[in-house]
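Letter by letter, the chains look like this.
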Amino acid sequence: MSSLARGPAALVRDAVPPTLAVLGALALVGVFVALLGYAPGRALTALLRGSLGSGAAWTATLLKASPLLLTGLAVALSFRCGVWNIGAEGQLLVGALCATAVATRTLPGAPAALVLPAVVLAGAAGGALIGAVAGALRATRGVNEVISTILLNFVAIQLVALAVHGPLQEAAGAYPKSDALPAAAMLPAIGRLHGGLAVALALAFATQLLVFRSAIGFRLRAVGHAPRAARFAGISPELYGWLVLALAGGLAGLAGAFEVAGVTGTLYERISPGTGYTAIAVALLARLHPLSVIPSALFFGALEAGAGAMQREAGVPAVVAQMVQGLVVLLSVGLSVARPPRARGLRTPEPKRGID
Amino acid sequence: MEALLEASVRLAAPLLIAALGELWVERSGVVNIGIEGTMLSGAFAGFAAAVATGSPAVGLVAAAAAGCGVGILFATFAVVRKLDQIVVGMAVNLIALGATGLGARALYAGNPPAAPTLAALPVPGLAELPLLGPALFAQTPFVYAALGLAVVVGLGLSRTGAGLRLRAVGESARAADAEGIAVDRVRFRAVIAGSALAGVAGAVLTLSHSDVFTEGMTAGRGFIALAVVIFGRWSAGGVVGAALFFGAATALQFRLQARGAEIPYPVFLMFPYLVTLTVLAVAGGRARAPADLGRPYRREAPAG
């Protein structure tokens, strides 16, 4: 149950552990950075200025938060269902790939009313497809999704490389990147802020309703919380695992489509700076609550946007952001009372066996 | 053919060392997917210590020590505090990626020197044997250690009291607890041992396969080591076979790539991951895992 529905006191109480986790992680990294001879104070100032210090900084933060919100929802949805989907990165990349293919190869020159929905849907479908591959391996062959989704991430990276060196490479052929997306395929935007952000926000509310207010959501949570009880109740963990991987893949794929059609305007190899991995930290800091993913994505978006400024102004490498993410995960899970669903490790799907 | 066999065994060595460590951990009922970050930490610590002292042997010790350190971090949260093992593992991977990247830039400012590497140590006589000679007897000490380790882990699991207690804890922590075995202590030590090996496996990359450290250079090898354990059906012999299979797949990929075939290079880079997925789909998925794998043990919790 979301704390939003239980009034402001509960809201404040629920916000304490994640806030402590964030502050603790920043403090620990600050000490580490100081030990290496950097100036942590200057680093923090640069971080804040680069993420919140100006209109441009806020825009950068929101642009970074947008794909983190969608992929964070994908991870939160999966983990809620007890599906350890580490594959948001690959799902995002395949989404970006499919969206670009439709925009530059299938429908160039068509009107926006046709192209834009097709591009966005292609992104979602591409992500859903690669998620469903992991789901199928899990449901039919018992292949653990932690391993399969991680491996598919590496496959997806090479699929994008293959595409931008081959069939999707720009007509000029000079660089390993795609043609620029036609204007009709680009998302409507206010300044640099694209419309995908609004869609992502709406989907956070939709996911909240799906998880906490629908019959499917009830079964998803049942599978995540008590797989054996769910099986006795006639709910198939395999089937719902598959469904959840496809749904999550669709969300992450959408993030990929929004990146090419809202931010970069073209596909290239390193289009994702590990967004799908950061998404795990986003979801866990939000304690797997879809609505809480919004502030969580904003925090990590600000961290990413500010890390660049930190490297330029204080000389502290931006890669330190990854350390913050890891520590936030450890501390937020360590401090929170509500834990992710009970660990089942590598024994998914729950085997059918007698009562112990 | 001899060159291909030699490359297969050489490339299998880090996977084998990491997978044997993970095998020991998983037989105690703990899944450590932080092995990727642990390898990376070992690669970095081994490199930094070898560069600083000029001795690859010191690098090796530092890599094992770094592995232990990361293992203590993982075990503190996953075994003692009983947080979710997958979540803690992913956190460890992120922290290791950030810390080693930061350390590399702080120490070398983007311009790392070359590390002294461990030279090959051919066994006189045997190294000249046809076919298998170069593959088994003209390798670096890492390869000999990996093969020796396989025997030690295999016998350790099946023939020693410590191995028996380890397996008991992995199959049924509750029953082991009832027998008076300290479940968490066994698991904690297993994680430390496995993490030390993962650290050494990482050092193979910087002190033998190459002489530099680059950010995120393990590139998923730790995850492939996890798959090796599954494909090897949680036995030492199986893990040796699976690691050699992946070593051969990688060697073959390099060979085909060098031939300059018409196939674009991303297809080759995809190859080991696709092979892993296919192997898991065909053979590994339904293999028998330790019954209590991935379950933190709480004495008061109801069974199942």
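Residues numbered from 1 in each chain as written. Chains lettered and ligands numbered in written order. Predicted model: local features only at pLDDT ≥ 70, side-chain atom pairs only at ≥ 80, totals over all residues. Heavy atoms only, no water.

Draft legend 1. View of the overall build of chain B. Helix and strand content of chain B: 12 helices and zero strands. In chain B, the order of α-helices and β-strands from amino to carboxyl end is α-α-α-α-α-α-α-α-α-α-α-α. Against the 2.2 N^0.38 benchmark of 19 Å for 304 residues, chain B shows a C-alpha radius of gyration of 19 Å, consistent with a compact globule. Counting only C-alpha atoms, chain B reaches 60 × 45 × 40 Å along its principal axes. Scored against the burial criterion, the 304 residues of chain B give a buried share of 55%. A fraction of 76% describes how many contacts in chain B between residues 6 or more apart in sequence connect residues 24 or more apart. Accessible surface computed for chain B: about 11600 Å², of which carbon and sulfur atoms make up 67%. (Helix = DSSP H or I, 4+ residues; strand = E, 2+ residues; numbered from the N terminus. Rg over C-alpha atoms; globule rule 2.2 N^0.38 Å. Buried < 20%, exposed > 50% of the residue type's maximum accessible area, 1.4 Å probe, protein only. Contact = heavy atoms within 4.5 Å. Areas by Shrake-Rupley, 256 points an atom, 1.4 Å probe, with all protein chains shown as cover.)

Draft legend 2. Representation of the pattern of salt bridges. Under the definition given, this model contains nine salt bridges over all chains. Between A:Arg287 and A:Asp14 there is a salt bridge, with the nearest N and O atoms lying 3.8 Å from each other. Taken as a pair, A:Arg287 in the loop between helix H11 (275–285) and helix H12 (293–314) and A:Asp14 in helix H1 (residues 8–35) lie far apart in primary sequence, 273 residues in all. Between B:Lys82 and B:Asp184 there is a salt bridge; the shortest N-O distance is 2.5 Å. Separated by 102 residues along the polypeptide, B:Lys82 in the loop between helix H3 (56–80) and helix H4 (85–108) and B:Asp184 in helix H9 (residues 183–209) bring together distant segments of the chain. On the accessibility criterion, B:Asp184 (26% relative accessible area) is partly exposed. (Salt bridge = Lys/Arg side-chain N within 4 Å of Asp/Glu carboxyl O.)

Draft legend 3. Layout of empty space enclosed by the protein. All names here are of chain A. Tallied over the entire structure, the rule returns three cavities of 30 Å³ or more. For the largest cavity, the full set of lining residues is Gly87, Gly90, Gln91, Ile130, Gly131, Ala134, Thr149, Leu152 and Asn153. Elements that contribute at least two residues to the lining of the largest cavity include exactly helix H4 (88–106), helix H5 (112–141) and helix H6 (145–165). Its residues assigned to classes, the lining of the largest cavity shows three nonpolar, six polar and no charged. (1 Å grid on protein atoms, 1.4 Å probe; cavity = no way out; pocket = protein on both sides within 12 Å on 5 of 7 lines; lining within 4 Å. Points joined across faces, edges and corners; volume = space filled by probe spheres on them. Nonpolar A, V, L, I, M, F, W, Y, C, P; charged D, E, K, R; others polar.)

Draft legend 4. Here's a closer look at the side chain of B:Asp292. Residues and elements named next belong to chain B. Relative to the helices and strands, Asp292 resides in the segment after helix H12 (265–284). Although Asp292 is buried, it makes no salt bridge; Arg295 carries the closest opposite charge, 4.1 Å away. If near-sequence neighbours (up to four positions away) are discounted, Asp292 is found in contact with Gly29, Val169, Gly170, Glu171, Ser172, Ala173, Arg174 and Arg187. (Lys, Arg positive; Asp, Glu negative; His and termini not counted.)

Draft legend 5. Quick look at the interface of chain B and chain A. Taken residue by residue, the interface counts 54 residues in chain B and 56 residues in chain A. Between chain B and chain A, a total of about 4700 Å² is buried, with carbon and sulfur atoms accounting for 76% of that surface. Among the residues of chain B in contact with chain A, B:Leu94, B:Leu102 and B:Leu277 are the three that bury the most area, contributing 14% of the side total. Applying the counting rule to chain B against chain A returns zero salt bridges. At the boundary of chain B with chain A, the tally comes to three residue pairs in polar contact (both at pLDDT 80 or more). Counting residues per element, the ones that place at least two in the side of chain B that touches chain A are H3, H4, helix H10 (221–231) and H12 of chain B. Considering each element in turn, the side of chain B that touches chain A owes the most residues, 14 residues, to H4(B). Partitioning the side of chain B that touches chain A into residue classes produces 39 nonpolar, seven polar and eight charged. (Buried area = accessible area lost by both parts, 1.4 Å probe. Polar contact = N/O pair within 3.5 Å; in protein donor to acceptor, adjacent residues only side chain to side chain.)

Draft legend 6. How the structure looks around the nonpolar core. Residues A:Leu267, A:Val316 and B:Leu23 are the most contacted members of the largest nonpolar core, which totals 199 residues. Once you skip the residues sitting within four places of it in the chain, B:Leu23 turns out to touch B:Val153, B:Leu157, B:Val229, B:Trp234, B:Ser235, B:Ala236 and B:Val239. (Core = buried A, V, L, I, M, F, W, Y, C linked by side-chain atoms within 4.5 Å.)

Draft legend 7. Here's a closer look at H11(A). Residues and elements named next belong to chain A. The element H11 is largely enclosed, with a buried count of 10 among its 11 residues. Of all the positions in H11, only Thr275, Gly276, Thr278, Ala279, Ile280, Ala281, Val282, Ala283, Leu284 and Leu285 are classed as buried. At the C-terminal side of H11, Arg287 shows a positive phi close to 50°.

Draft legend 8. Inspection of a nonpolar patch on the surface at higher detail. Residues and elements named next belong to chain A. A cluster of nonpolar residues, Val12, Val16, Leu20 and Leu335, forms a patch on the protein surface that exposes about 360 Å² of accessible area. Among the elements that make up the nonpolar patch, the one with the highest residue count is H1 (three residues). Looking at where Leu20 falls in the secondary structure, it is placed in helix H1. Look at Leu20 and you get partly exposed, because its relative accessible area is 48%. (Patch = residues over 30% accessible without salt bridge, like charges linked within 9 Å, V, L, I, M, F, W, Y side chains within 5 Å.)

Draft legend 9. Molecular detail of helix H2 (residues 40–52) of chain A. Residues and elements named next belong to chain A. Its 13 residues place the ends of H2 18 Å apart at the C-alpha level, agreeing with the 18 Å of an ideal helix rising 1.5 Å per residue. Turning to H2, its buried residues number three or more, namely Ala43, Ala46, Leu47, Gly50 and Ser51. In an axial view of H2, the angular spread of the buried residues amounts to 115°, which keeps them on one side of the axis. Tucked inside the fold, the buried residues of H2 contact helix H3 (55–80) and H12. (Expected span 1.5 Å × (residues − 1). Arc of directions from axis to C-beta.)

Draft legend 10. View of the packing of helix H1 (residues 2–27) of chain B against helix H11 (residues 236–258) of chain B. Residues and elements named next belong to chain B. Remark: H1 packs on H11, axes separated minimally by 7 Å, with the N-to-C direction vectors making an angle of 135°. Accordingly, the angle class assigned to the pair H1 and H11 is oblique. Between H1 and H11 lies a crossing whose hand is right-handed. Tallied by class, the residues present in the contact of H1 with H11 amount to 21 nonpolar, three polar and one charged. (Axes fitted to C-alpha atoms, helices over the stretch in contact; angles between N-to-C directions. Parallel < 35°, antiparallel > 145°, perpendicular 65-115°, else oblique. Left-handed = near helix turned anticlockwise from the far one by under 90°.)

Draft legend 11. Geometry of the confidence of the model for chain B. When pLDDT is averaged along chain B, the result is 88; 96% of the residues meet or exceed 70. The weakest mean pLDDT in chain B belongs to helix H5 (residues 133–137) of chain B at 76; the strongest belongs to helix H2 (residues 35–53) of chain B at 96. (pLDDT = per-residue confidence, 0-100.)

Draft legend 12. Summary view of unusual backbone geometry. Of note, the phi angle at A:Leu288 is positive, near 65°, even though the residue is not glycine. Note that A:Leu288 resides in the loop between H11 and H12. Positive phi, close to 60°, is recorded for B:Trp234, a residue that is not glycine. As for its position among the elements, B:Trp234 is in the loop between H10 and H11.

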